[in-house]
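Listed below, chain by chain, are the residues.
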Amino acid sequence: MELFVHGDYEVVRNPDLCIACRVCERQCANEVHWYDETAGKMKAYSDKCVNCHRCVCLCPTHALKIVKTDDTYKINANWNNATINEVYKQANSGGVLLSSMGNPKPYPVFWDKMLVNASQVTNPPIDPLREPMETKVWLGKRTVKIERDEKGRLKNTLAPQLELSVPVMFSAMSYGSISYNAHESLARAAEELGIYYNTGEGGLHKDFYKYGKNTIVQVASGRFGGFKGYLETAAAIEIKMGQGAKPGIGGHLPGAKINEDVSQTRMIPRGVDAISPAPHHDIYSIEDLRQLVYSLKEATEYKKPVIVKIAAVHNAAAIASGIARSGADIIAIDGFRGGTGAAPTRIRDNVGIPIELALASVDARLREEGIRDDVSIVVGGSIRSSADVVKAIALGADACYIGTAALLALGCPLCRSCHEGKCNWGIATQRPDLVKRLNPDIGYKRLVNLVTAWNHEIQEMMGGMGINSVEALRGNRLMLRGIGLTDTELSVLGIRYAGQSL
Amino acid sequence: MIREGIFRNPSGCAVSGVIDRSGKRMSGECMIRSIATMHDRSNGLGGGFAGYGIYPHYKDFYAFHLFFDSKMAKGAAEAFLGRHFEIAYSSEIQTHKLPSVTDEPMIWRYFCAPLPRKLADSHLDEREYVVRCVNRINVQIDGAYVFSSGKNMGIFKGVGFPEDIGRFYGLDEYEGYAWTCHGRYPTNTPGWWGGAHPFGLLDFSVVHNGEISSYDANRRYIEMFGYKCTLQTDTEVITYIVDYLVRKCGLTLKEVSHVIAASFWSTIADKPEEDREQETLLRRMFPSLLVTGPFSIILGYTGGLMALNDRLKLRSMVCAEKGDLAFIASEECAIRAIEPSPDTVYAPAGGEAVIYELYDRGGRA
Ligand code: SF4
Ligand code: SF4
C-alpha cells in the first residue's frame, strides 16, 4: 500500500490570463504543467511542484501563482501536517529522508537579536562617501617574530596570507552539486571582486584553473579530484572536516548528477552516488589533523595558507583551540543553518549549533588561550546580509563565507530540492538543458553586484560607528547589544543588553 | 563609590607638553599656565601632570607614587613592597590644601629597587617584574593604587581642574626636562583620583584627548598578552599597546605610529617602495592594534615626547619649537601662553608621529 501524500503547495492558474503558450510546461523539469488537448487548456499536477517559482517568473501573462496548500489533516500542534507526511513517506519507501539547503526550522536567529552601535556627539560618525573606509582584510596567521635586516628594517616573517578586498568569500559548493555555469559565475565574480571562491569537495574543472589565484580548493574525506596540480593552482587549501548542514557525516552527491564531466573532474565513475566517508580515514584525532595540514603544506612548499573547516558543534571552542595549534592558518566554522546540496533531513534539522554562538565561544576561547593570532576565523551558515557580516566581525570573525546568499543572487528561490538534480534555475543540476538557463555572463555580474552592495552597507555601518577600518571592528563586541536574549545567551555571546551603557 | 573601571568612561580633554631638548630642567609652573589657558576643555573632574628628569638623586630607582584610601590599604601595600623591593626612601608626597581640591586620598612616594633574589627567582626581566608587582597591588590590594612607576619621572594627578591639581602638588617646586599635562572632561562622574590622567606604566606616560571607536577590539587583543584593562579607559589601552609594541616587540616609536595610526591602504600604495613594504608589513602584523576614532596623544618616555593624532585627525593638535624647546598642545593658545613667539608652529597631519627627543638621544632641533 502506498499512501498518497498531498504536496505542500498548489499551482493556481488564472484562466482569464492564461494564453496556453505552454512556457510553464517547457520550463518545469518536475513536469508539473501539461496541456490538456481535449479540454484545450493547461493543467497542473500540484503534488509534484517544489515551488521553485520558475513558471511564475517566466509566465508571460503573470497567470500563475503558487500557494501553500490548505489541505490538512486534523489540526494537531504535536503531529503537524509535515510530520505526518514524513512518516507516511518513510513508511512508503523505507528510506532516509533527504533534503537540501539550510535548516528551515524556526530556531532562534541570534543575528536578529543583536543591535549595532552608532556614534553621537562624543565621537563623530565617519562619512564613507567622503572619507576612506577600509574593508580590506588579510587572512592567515599573524604570529610574528620581529626580525630585522642589516639596515634595521623589519623582515617579512609572516606566514602566507590571503588578501580580501571585502571580508566576504563564496563558500564551498562542489562542481557536481552545482553546475558548470554556477561555478564559472562564482569564479569570475571572485576574480573581479578581489576575493575567493571555494571549489568544494568535487575537484576543479580544467577550464577553471585560470581562476586559480582566486580559488580555494577543498580536500575532503572523499579526496575527490585531488592531485598535485589541483593543490598547486589554488590560492589556499581547505581541509573539510565537517559541514554545518550535516555535522558528523560526509558529502553526498546523488548519482543522477554525475555526468561525464563531473565524473572526470571528481575522478569517480559516472552515475553512481558519491558518498564521502563521515571521517577522514587518516584523521581520527587532532595529531592526525596536524599531519594532514603539514602534508599539504609540504606538497605546496609552505606557500599557501591551509584552512580547516568544521561544523559548529557543542564543543567547537575546544576543537578550534586544537586546530589553532595544528598548524592551520585559518579556521572556517559552518553553522547549523548552512546550506547543502543534499543531506539527511533529520541531521540537517537537528544537529549542530547556531554559528553566532559557536563564533562567540571560539573567539573568546582562542583569546583566553592567547592563540587568537595563530589563526583567522571565517564563519558561514548562514550569513544573509551585510548586517550579519558586520555583527559576525564585531563578535570576532575575520571574514564570512556566503553560499546560500550567492545562489540566491543567481536566481535560486530556495526551493530546497537541490538533491533531486532538477534545478529549474540551472544551478543545482547537471542536465544540459537546465544548466544553460544560467548565463554566467549575467550570473557573475549579479554576484559582483551583491557583494559590492554589501560592501557599501558594511562601510555605512562602520562609518556610523566611527570606525574606518574593518580591522578595528573585529572582535569589537562593545559595538553590539543584545535584545530579547537571556543572561546565558548574553554571556555566551559576550555582549551586553540593549540599554546597558558602556 | 563606583570606582573607575566598573564602567567604561569616555571623555573629552585638553593636553599639553613641553621638552627642553638640551636637557635643561624647568619647573612645572609652565605646564600649569599652559593647561590653565584651556580651562574650558576640562570640567573639573580630573587633571594631572607627568614630569621627566625630576628625581635626579634617585634616578636608578623606580619611583612609585601611590594613592591609599585607608591606613589598612597602606599597610598592605607597604608589606607587599617590602617583600619585593628594597625601598631606598619613602615619604608622603607634599601637597598644598586648596579649597577647590577635595576628598584627596593619602598620597605616598617610594623609591624602590627589586630585591635581587626575588627578581632572579622570578625569571623575569627587571621591568616585567616591576610591571607585574604594580599590577598585583592595583588589582589585589583594595584601596591602594600605584599611579606612577617609572625611573626619574613622576605622575601627579587628581580630581579637580588641572591647574588646581598642579598647585595642589606644588609642581612649581619640581624641575624636569620634559612635562606633559592633561585636563579631563569625562562624560561620567568618576570622582576617583586613580581615574585621572596621565596614565603611566614604567616610564611611559600617556595623555590623550578623544574617544576611540576601536576600544574593545584593541582591549580584547592586548589582554591576550597579560595586560588587564582594569580602568576601561582609552588612555590605559593605548599605554598598554605602546608598552607591548615597544618593550615586548621591540618596535621603534615611528613603527608604533604606523601600527596604531596606520596610513590608509590607498595612501600606503602611493609611498616609495621601502616605506610601502614596511608599513604594509606592520599593518598585516598588528591589525588589531589599529586605533580608530578621534584621539590626540602625547606619549612621554625617558628622553622624549611623541605627539600622535588619529589617522583622520579628528582632534586638534599643534606643535611648536623655540630654540631648544619643543611644545605640543591641543590648542595653539596653550603654547602661546608660555611661549608667545615660537620659531615655528605646525599642525601635524593625521597619523603623523612628531617625536622630540633630548639631543643626547639623537633628538634634533
Ligand atoms: S506560462 Fe503562463 S500563460 Fe503560458 S501556459 Fe503557463 S500559465 Fe499559461
Ligand atoms: S539551487 Fe535550484 S534546486 Fe536548489 S534550492 Fe535553489 S532553485 Fe531549488
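Residues numbered from 1 in each chain as written. Chains lettered and ligands numbered in written order. Predicted model: local features only at pLDDT ≥ 70, side-chain atom pairs only at ≥ 80, totals over all residues. Heavy atoms only, no water.

Colleague: Is there a simple way to explain the overall build of chain A in this structure?
Modeller: Counting secondary structure elements, chain A contains 15 helices and 21 strands. Since a compact globule built from 502 residues should have a radius of gyration of about 23 Å, the 24 Å found for chain A is in line with a globular shape. With the principal axes as the frame, chain A shows a C-alpha extent of 90 × 55 × 45 Å. Taking all 502 residues of chain A together, the buried fraction comes to 57%. In chain A, the share of contacts with a sequence separation of at least 24, taken over all contacts with a separation of at least 6, comes to 68%. In the form shown here, chain A has an accessible surface area of approximately 20,900 Å², with 53% of it arising from carbon and sulfur atoms. Separation between the mean location of the 58 positive side-chain charges and that of the 54 negative ones in chain A comes to 1 Å. (Helix = DSSP H or I, 4+ residues; strand = E, 2+ residues; numbered from the N terminus. Rg over C-alpha atoms; globule rule 2.2 N^0.38 Å. Buried < 20%, exposed > 50% of the residue type's maximum accessible area, 1.4 Å probe, protein only. Contact = heavy atoms within 4.5 Å. Areas by Shrake-Rupley, 256 points an atom, 1.4 Å probe, with all protein chains shown as cover. Lys, Arg positive; Asp, Glu negative; His and termini not counted. Charge placed at Lys NZ, Arg CZ, Asp CG, Glu CD.)

Colleague: When you look at the site of ligand 1 in this model, what are you seeing that I'm missing?
Modeller: Surveying the vicinity of ligand 1 reveals 13 residues, the closest of which are Arg13, Cys18, Cys21, Cys24 and Cys59 of chain A. Across the shell around ligand 1, the residue classes tally to 10 nonpolar, 1 polar and 2 charged. (Near = heavy atom within 4 Å. Nonpolar A, V, L, I, M, F, W, Y, C, P; charged D, E, K, R; others polar.)

Colleague: Any chance you could explain the nonpolar core here in plain terms?
Modeller: Generally speaking, soluble globular proteins have nonpolar side chains that are buried together. Ranked by size, the top nonpolar core spans 121 residues in total, and within it Phe64, Tyr169, Leu245 and Phe286 of chain B carry the most contacts. Top contributing element to this core by residue count: helix 7 (residues 234–248) of chain B, with 7 residues. Ignoring anything within four residues of it in the chain, the contact list for Phe286 of chain B reads Val144 and Ile146 of chain A together with Tyr244, Leu245, Cys249, Leu251 and Val259 of chain B. Core analysis: the second largest hydrophobic core is formed by 117 residues, Met101, Val217, Ile355 and Ala405 of chain A among them. (Core = buried A, V, L, I, M, F, W, Y, C linked by side-chain atoms within 4.5 Å.)

Colleague: Looking at this structure, I do not really get unusual backbone geometry. What am I missing?
Modeller: Outside of glycine, negative phi angles account for most residues, and trans bonds account for most peptide bonds. Residue Ser382 of chain A is bonded to the preceding Gly381 of chain A through a cis peptide linkage, with omega at -5 degrees. Its place among the elements puts Ser382 of chain A in the loop between strand 18 (376–380) and helix 11 (386–395). The omega torsion across His197 of chain B and Pro198 of chain B is 10 degrees, close enough to zero to call that bond cis. Tracing the backbone through its elements, the reader meets Pro198 of chain B in the loop between strand 10 (178–186) and strand 11 (199–201). Within the chain, Met101 of chain A stands out as a residue other than glycine whose phi angle is a positive 60 degrees. Along the chain, Met101 of chain A turns up in the loop between strand 5 (98–99) and strand 6 (114–116). In this structure, Arg223 of chain A is a non-glycine residue whose phi angle is positive, near 55 degrees. Along the chain, the position of Arg223 of chain A falls in the loop between strand 11 (215–219) and helix 5 (228–233).

Colleague: I tried to follow the interface of chain A and chain B on my own but got confused; where do I start?
Modeller: Quoted interface sizes are often the accessible area lost when the parts come together. The partner chain B presents 41 residues to the 45 residues of chain A that form the contact. Surface buried jointly by chain A and chain B totals about 3,700 Å² across both partners, of which 56% is contributed by carbon and sulfur atoms. Put simply, chain A and chain B have 6 salt bridges between them. Between Asp363 of chain A and Arg220 of chain B there is a salt bridge, and its shortest N-O distance comes to 2.7 Å. Applying the counting criterion to the chain A and chain B interface returns 20 residue pairs in polar contact (both at pLDDT 80 or more). For the side of chain A that touches chain B, the element with the most residues is helix 10 (residues 355–368) of chain A, which contributes 4 residues. Among the residues making up the side of chain A that touches chain B, the classes are represented as 19 nonpolar, 11 polar and 15 charged. (Buried area = accessible area lost by both parts, 1.4 Å probe. Salt bridge = Lys/Arg side-chain N within 4 Å of Asp/Glu carboxyl O. Polar contact = N/O pair within 3.5 Å; in protein donor to acceptor, adjacent residues only side chain to side chain.)

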